[in-house]
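# Observations on the model geometry
What follows is the residue order along each chain.
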Amino acid sequence: MTEAGMQRMASRVFAALLADDDGSMTSAELSEQLQISPAAVSGAINYLTQVSMVGRERDPGSRRDRYRLHNEIWYATFASRDRVLTRWEHTLREGARTLGQDTPAGARLTETAEFFEFLQTELVGLMDRWRDYRKKLDLS
């Protein structure tokens, strides 16, 4: 995960949750298993919740938070990236108009925006194919 750009501690916490049978742990459990400080767990969890990979819920009958992987974690993660790509595409197109699409910088921004538009189109089709594939495997 770190080689893909995720923060080191967030990668460790995510891997621990992924390897846990029910995909959830408390801060104390994560801290103990990974031999890291509660502050390190907190920072990693904040990052993972911001990117919609982990959710926070109350431990039943307790005041402790439990951190849980979302269902269909990869589908949800890539679906949220679609919104980011849309935002980037709009920003790039606006930048290209501001710079002038006939300038070298404007042309680069336009090409980048086109790439993100293409990527989004392909991502939608890919996600649809994943749903169909998942149904065939009866993973739902």
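Each remark here, short or long, concerns the structure printed above.
Before going into details, it helps to say that this report is about the structure given with it.

Parameters at a glance
- Residues numbered from 1 in each chain as written.
- Predicted model: local features only at pLDDT ≥ 70, side-chain atom pairs only at ≥ 80, totals over all residues.
- Heavy atoms only, no water.
- Helix = DSSP H or I, 4+ residues; strand = E, 2+ residues; numbered from the N terminus.
- Rg over C-alpha atoms; globule rule 2.2 N^0.38 Å.
- Buried < 20%, exposed > 50% of the residue type's maximum accessible area, 1.4 Å probe, protein only.
- Contact = heavy atoms within 4.5 Å.
- Areas by Shrake-Rupley, 256 points an atom, 1.4 Å probe, with all protein chains shown as cover.
- Patch = residues over 30% accessible without salt bridge, like charges linked within 9 Å, V, L, I, M, F, W, Y side chains within 5 Å.
- Salt bridge = Lys/Arg side-chain N within 4 Å of Asp/Glu carboxyl O.
- Axes fitted to C-alpha atoms, helices over the stretch in contact; angles between N-to-C directions.
- Parallel < 35°, antiparallel > 145°, perpendicular 65-115°, else oblique.
- Nonpolar A, V, L, I, M, F, W, Y, C, P; charged D, E, K, R; others polar.
- Pairing = 2+ DSSP bridges.
- Expected span 1.5 Å × (residues − 1).
- Arc of directions from axis to C-beta.

### Concerning the overall build of the protein chain
Regarding its fold elements, the protein chain presents five helices and three strands. Each helix (α) and strand (β) of the protein chain, taken in turn from the N terminus, gives the series α-β-α-α-β-β-α-α. Its C-alpha atoms give the protein chain a radius of gyration of 19 Å, clearly above 14 Å, the size a compact globule of 140 residues would have. Along the three orthogonal principal directions, the C-alpha set of the protein chain runs to about 60 × 40 × 30 Å. A buried classification covers 31% of the 140 residues belonging to the protein chain. Restricting the contact set of the protein chain to residue pairs at least 6 apart, pairs at least 24 apart contribute 49%. Counting every atom, the protein chain has about 9,400 Å² of accessible surface; 53% of that belongs to carbon and sulfur.

### Some words on a nonpolar patch on the surface
Side chains of Met-1, Trp-74 and Phe-78 sit close together on the surface and give an oily, nonpolar patch of about 300 Å² of accessible area. Looking at the element boundaries, Trp-74 is found in helix 4 (residues 73-99).

### Some thoughts on unusual backbone geometry
Not every positive phi belongs to a glycine, and Gln-35 is a case in point at roughly 55 degrees. Within the element layout of this structure, Gln-35 appears in the loop between helix 2 (27-34) and helix 3 (38-50). Not every positive phi belongs to a glycine, and Ser-52 is a case in point at roughly 60 degrees. In this fold, Ser-52 is placed in the loop between helix 3 and strand 2 (54-58).

### Things to note about the packing of helix 1 (residues 8-19) against helix 3
One way to put it is that helix 1 packs onto helix 3 with a least axis distance of 8 Å and a crossing angle of 85 degrees. Classified by the angle their axes make, helix 1 and helix 3 are roughly perpendicular. Listed contacts from helix 3 to Met-9, Ala-10, Val-13 and Phe-14 of helix 1 are Ala-40, Ala-44, Ile-45, Tyr-47 and Leu-48. Looking at the contact of helix 1 with helix 3, its residues break down into nine nonpolar, no polar and no charged.

### Quick notes on the sheet that holds strand 3 (residues 65-69)
Strands belonging to one sheet form pairs held by backbone hydrogen bonds; the direction of such a pair is parallel or antiparallel. Strand order in the open sheet formed by three strands is 1-3-2, and the pairing between neighbours is antiparallel. The outermost strands of the open sheet, each flanked by one partner alone, are strand 1 (24-26) and strand 2. The average angle at which neighbouring strand axes cross in this sheet is 30 degrees, direction not considered. Where strand 2 lies against strand 3, five bridges are found, and the strand directions are antiparallel. Note on strand 3: the bridge partner recorded for Gly-55 is Arg-68. The strands touched by helix 1 are strand 1, strand 2 and strand 3; relative to strand 3, the strand with the most contacts, the crossing angle is about 80 degrees. In this fold helix 2 packs onto strand 1 and strand 3, with an angle of close to 90 degrees to the strand it touches most, strand 1.

### As for helix 3
Helix length check: helix 3 (13 residues) gives 18 Å between terminal C-alpha atoms against 18 Å at 1.5 Å per residue, within 8%. Here helix 3 has its buried residues at Ala-40, Val-41, Ala-44, Ile-45 and Leu-48. Along the axis of helix 3, the buried positions cluster into a sector of 130 degrees, meaning they face one direction only. For helix 3, the exposed residues lying more than 90 degrees away from the buried face are Ala-39 and Gln-50. Those residues of helix 3 that are buried are in contact with helix 1, helix 2, strand 2 and strand 3. Phi turns positive one or two residues past the end of helix 3, at Ser-52, with a value near 60 degrees.

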